[in-house]
Amino acid sequence: RSCHRPAGQRASQEPGSRGLPEGVEYIPTRKKGKNPMKPVGVAWYSLYARTRLGYLFYQRQVKKARERYPHGHSVPQPYCFPGVKILPIPVLSNNYSYLVIDTGSSQAAVIDPSDPLAVQAAIEEEGVMLEAIFCTHKHWDHSGGNEALCQKHNSCKVYGSALDAIPQLTNPLADREKVSVGSLTFEALATPGHTVGHMVYVLDGGPFGSPPCLFSGDLLFLAGCGEPFEGSPETMLASLDLAMGLGEDTLLWPGHEYALECLTFASLLELDNSALEQKLQWAVQQRQEKRSTCPSTLGEEQTYNPFLRTHRPELQEALGLWQGGGEDPDAFRARVLKEVRRRKDLYQAT
């Protein structure tokens, strides 16, 4: 594989919450949307996330995806810097796992190994030793390959939050804890919202002369944001703000290929956003050729991702929202985020 260097409809029904721990809010989708993971309510989410039925559903997803996309849903482009290689692995119908390689020692880590066969094939092709699995959260489409890979690689450790029931977890991580794999250094950041224990992982690019790399799981997508299944809008906003504090040059490696859908939705909110229009045109071309749209940068995302633009007057006006007298600015931004999320759910359901 060659390596490229990176260049720098309204509705008014409010979501309910029940059956989850105190302080945790669930925001359901009104109808079953395009994403087969999308729940229709608390009961379905609980079955998927907390019972063996969820694992059986995941196995069905894997089987169907292997049949439909024998070579993966997208054509990935490896990214190389001196001493490190990042290989996106397209898995299931729209997920990404990532194989991150210390090219000096041939030691490697994988983020969110959904399909163990696809990940193992990449490991063998690259000729590397798998030392670590980093799981962003417990959902099977991000953790379902843990057991099979651990059986294949006896010394491999599984990292993640103890707050999520991550399969085969061997090394629970605390917020801002760092882990080394060869010369690679990853920092775990607690970003609750999608799940209570959701974490993102930041690869320190300094030793390699590269920008930081954010493996965002289901916190952040190109032009999108994960569903706050186990968190309030305020919690999700705080997690997004934390990620955005990493710097504009940070490379974003999301957990899903949702770019075209997310950009199309965003274009319905901000009709006069030229950066959004250009990115959408680019994404259309990429997806027509089945090419991956990652990575983007956090600086780019701030120009077109509505979930990161809750502070922008043009988006607030498009949503018909205004800050109340005496309303806390972050409370208002959380209200804007909630409205963007509501509209996105309705858009997916159509």
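In case you missed it, the structure is sitting above this.
It should be emphasised that the depicted structure is a prediction, and the values quoted were computed from it without experimental measurement. Throughout this description, residue numbers start from 1 for each chain and increase along the sequence as written. The model is predicted, so local features are restricted to residues of pLDDT at least 70 and side-chain atom pairs to those at 80 or more, both for listing and for counting; the totals for chains, interfaces and linings are taken over all residues. Hydrogens and waters are ignored; side-chain quantities use all the structure's heavy atoms.

A. Local environment of a positive patch on the surface. A contiguous patch of positive charge, built from Arg60, Lys64, Arg68 and Lys290, is present on the exposed surface. Under the DSSP-based scheme used, a helix requires at least four consecutive residues in state H or I and a strand at least two consecutive residues in state E, with every element numbered from the N terminus. Here Lys64 lies in helix α2 (residues 52–68). Grouping into patches uses exposed residues only, defined as over 30% relative accessible area, and leaves out salt-bridged ones; the cut-off is 9 Å for like charges and 5 Å for nonpolar side chains (Val, Leu, Ile, Met, Phe, Trp, Tyr). Per-residue and other accessible areas follow the Shrake-Rupley method at a 1.4 Å probe size, with only the shown protein chains counted as cover for residues. The working definition used for a salt bridge is a side-chain nitrogen of Lys or Arg within 4 Å of a carboxyl oxygen of Asp or Glu. Charge assignment: positive for Lys and Arg, negative for Asp and Glu; neither His nor the chain ends contribute. A single reference atom marks each charge: NZ on Lys, CZ on Arg, CG on Asp, CD on Glu.

B. Helix α8 (residues 274–288), seen in detail. Helix span, expected: 1.5 Å multiplied by one less than the number of residues in the helix. Its 15 residues give α8 an end-to-end C-alpha distance of 21 Å, which sits within 8% of 21 Å, the value for a rise of 1.5 Å per residue. Contact criterion: two residues are considered in contact whenever any of their non-hydrogen atoms come within 4.5 Å of each other. Turning to α8, the residues buried within the fold contact α7 (259–269), β15 (296–297) and α9 (298–304). As used in this structure description, the phrase polar contact means that two N or O atoms lie within 3.5 Å; if the pair is within protein, one of them must be able to donate a hydrogen and the other to accept it, and residues adjacent in sequence are counted only when both atoms belong to side chains. Sitting at the amino-terminal end of α8 is Asn273, which places a side-chain oxygen 3.1 Å from the backbone nitrogen of Ala275. Remark: Lys290 follows α8 within two positions and exhibits a positive phi of approximately 60 degrees.

C. Summary view of the packing of α7 against α8. Axes, fitted as lines to C-alpha atoms, cover a helix only where it is in contact. Angles between the N-to-C directions of the axes lie from 0 to 180 degrees. At their nearest, the axes of α7 and α8 sit 9 Å apart, and the two run at 150 degrees to each other. Classified by the interaxial angle, the pair formed by α7 and α8 is roughly antiparallel. Relative to α8, α7 is oriented so that their crossing is left-handed. In this structure, α7 contributes Leu260, Leu263, Thr264, Ala266 and Ser267 to the contact, and α8 contributes Leu276, Lys279, Leu280, Ala283, Val284 and Arg287. Basically, the charged four are Asp, Glu, Lys and Arg, the nonpolar ten are Ala, Val, Leu, Ile, Met, Phe, Trp, Tyr, Cys and Pro, and anything else, Gly included, counts as polar. Among the residues making up the contact of α7 with α8, the classes are represented as seven nonpolar, two polar and two charged. Convention used here: angles under 35 degrees read as roughly parallel, angles over 145 as roughly antiparallel, angles from 65 to 115 as roughly perpendicular, and any remaining angle as oblique. Here is the rule for handedness: rotate from the far helix to the near one, and if that takes an anticlockwise turn smaller than a right angle the crossing is left-handed, while a clockwise turn gives right-handed.

D. Representation of the environment of Trp44 in the model. Structurally, the position occupied by Trp44 is in helix α1 (residues 42–50). In this structure Trp44 comes out as partly exposed when scored by relative accessible area, which is 27%. In this structure the C-alpha to C-alpha distance between Trp44 and Gly54, which are 10 residues apart in sequence, comes to 9.2 Å. Working definition: with a 1.4 Å probe on protein chains only, accessible area under 20% of the residue-type maximum means buried, over 50% means exposed, and in between means partly exposed.

E. Just the pairing of strand β14 (residues 251–254), in detail. The alternating pattern of β14 places Leu251 and Trp253 on one face and Leu252 and Pro254 on the opposite face, and all of these are buried. In this sheet, β15 lies alongside β14 in antiparallel orientation, the contact comprising two bridges. Bridge assignment links Leu252 to a residue of β15, and that residue is Ser296. Pairing between strands requires that DSSP locate at least two bridges from one strand to the other.

Keep in mind that these numbers describe shape and distance, not what the molecule does.
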